[in-house]
Amino acid sequence: MSTTTTPAPGRSVPGPGSPGGPAAAPRVVRQRRRRPGLIALSVALISAGGLSGALLFTASGQRSAVLVVARDVPVGAAIVDADLAPASLALDPAVKVVPVAKRSGMVGQRAAVALKAGALLSPGQVTSVSLVKAGEQVVGVALKPSQLPASRVAPGQMVLIVSTPDANQAAAAGKAGEMPGAPKTLPATVVAVGGPAPATGVVVVDVAVPATDGPALAARVATGAIALILAPQGGS
């Protein structure tokens, strides 16, 4: 004979999951459906990104051994080995440079433009043309600071050598009541410029002049009655 237990008044029957109550039914977790196409696309994108990064790193890491200017070189001056230095740079292929392997070929060339220290050397910045043309002579002209312009004189510049009257000539012309005429000028091309002498500041400028004028200019230089002025742009 079965008996039914009736809970006492005021007491509740334990529910599922509570102590002493029946066990709760397990929850069913739905599994997400895998999409092979989406997975393949993700893998492809990741691979493409990695490949692009690798190519970019490789391209940026390709460096070229080129020549740079180690110190200022005025236009027309001959390039010596100390004027050049090697450098390793990553450059755009459109940039025209001189490889380090051609360094020996650059020595002895002349600067077609003023070269600045630290700049890349370009093939168009050098020339094999000499500043002394056929039929010309090179004359050294010693000049005091007062006989030179304040502007820097550099090789390749066109100048005028002006004959100035000496003190005796000026005195003789004054006594005779003569008016001084236009000074004689001789066009020349600067070939080289020396450094100023420590005590006097005298600078020797080598100029190229026609061979027929060379001896007369040398004789005039010996008197010191000369001056150098810069020729107008575009010629003498």
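Thresholds applied
- Residues numbered from 1 in each chain as written.
- Predicted model: local features only at pLDDT ≥ 70, side-chain atom pairs only at ≥ 80, totals over all residues.
- Heavy atoms only, no water.
- Helix = DSSP H or I, 4+ residues; strand = E, 2+ residues; numbered from the N terminus.
- Buried < 20%, exposed > 50% of the residue type's maximum accessible area, 1.4 Å probe, protein only.
- Contact = heavy atoms within 4.5 Å.
- Areas by Shrake-Rupley, 256 points an atom, 1.4 Å probe, with all protein chains shown as cover.
- Salt bridge = Lys/Arg side-chain N within 4 Å of Asp/Glu carboxyl O.
- pLDDT = per-residue confidence, 0-100.
- Pairing = 2+ DSSP bridges.
- Axes fitted to C-alpha atoms, helices over the stretch in contact; angles between N-to-C directions.

### Brief notes about the overall build of the protein
Part 1 of the reasoning: Tallying secondary structure elements over the protein gives 4 helices and 9 strands in all.
Part 2 of the reasoning: Counting every position in the protein, which comprises 236 residues, the buried fraction comes to 21%.
Part 3 of the reasoning: Across the protein, contacts joining residues at least 24 apart in sequence account for 69% of those joining residues at least 6 apart.
Part 4 of the reasoning: For the protein, the accessible area works out to roughly 16200 Å², and carbon and sulfur atoms hold 61% of it.

### A closer look at the pattern of salt bridges
Part 1 of the reasoning: Within the structure shown, the criterion is met by 2 salt bridges.
Part 2 of the reasoning: We note a salt bridge from Asp 83 to Arg 71, for which the minimum N-O separation is 2.5 Å. Here Asp 83, found in the loop between β1 (64-69) and β2 (84-89), pairs with Arg 71, found in the loop between β1 and β2; they are 12 residues apart in sequence, far enough to count as distant.
Part 3 of the reasoning: Overall, Asp 83 belongs to the buried group, its relative accessible area being 5%.
Part 4 of the reasoning: The partner of Arg 103 in a salt bridge is Asp 81, with the nearest N and O atoms 3.0 Å apart.

### A closer look at the confidence of the model for the protein
A low pLDDT score tells you not to read the predicted coordinates there in detail.
Part 1 of the reasoning: Looking at the protein as a whole, its pLDDT mean stands at 78, while 66% of the residues score no less than 70.
Part 2 of the reasoning: Helix α3 (residues 167-175) is the least confidently modelled element of the protein, averaging 57 in pLDDT, while strand β9 (residues 226-230) averages 94, the highest of any element.

### What to know about the sheet that holds strand β8 (residues 203-210)
Part 1 of the reasoning: Here 5 strands make up an open sheet; going across it, the order is β5-β8-β7-β6-β9 and the pairing antiparallel. Looking along the sheet, the strands with just one partner apiece sit at the ends: β5 (136-143) and β9. Each neighbouring strand pair of the sheet contributes to a mean axis angle of 40 degrees, computed without reference to strand direction.
Part 2 of the reasoning: Looking at chain direction, β5 and β8 are connected through 8 bridges and run antiparallel.

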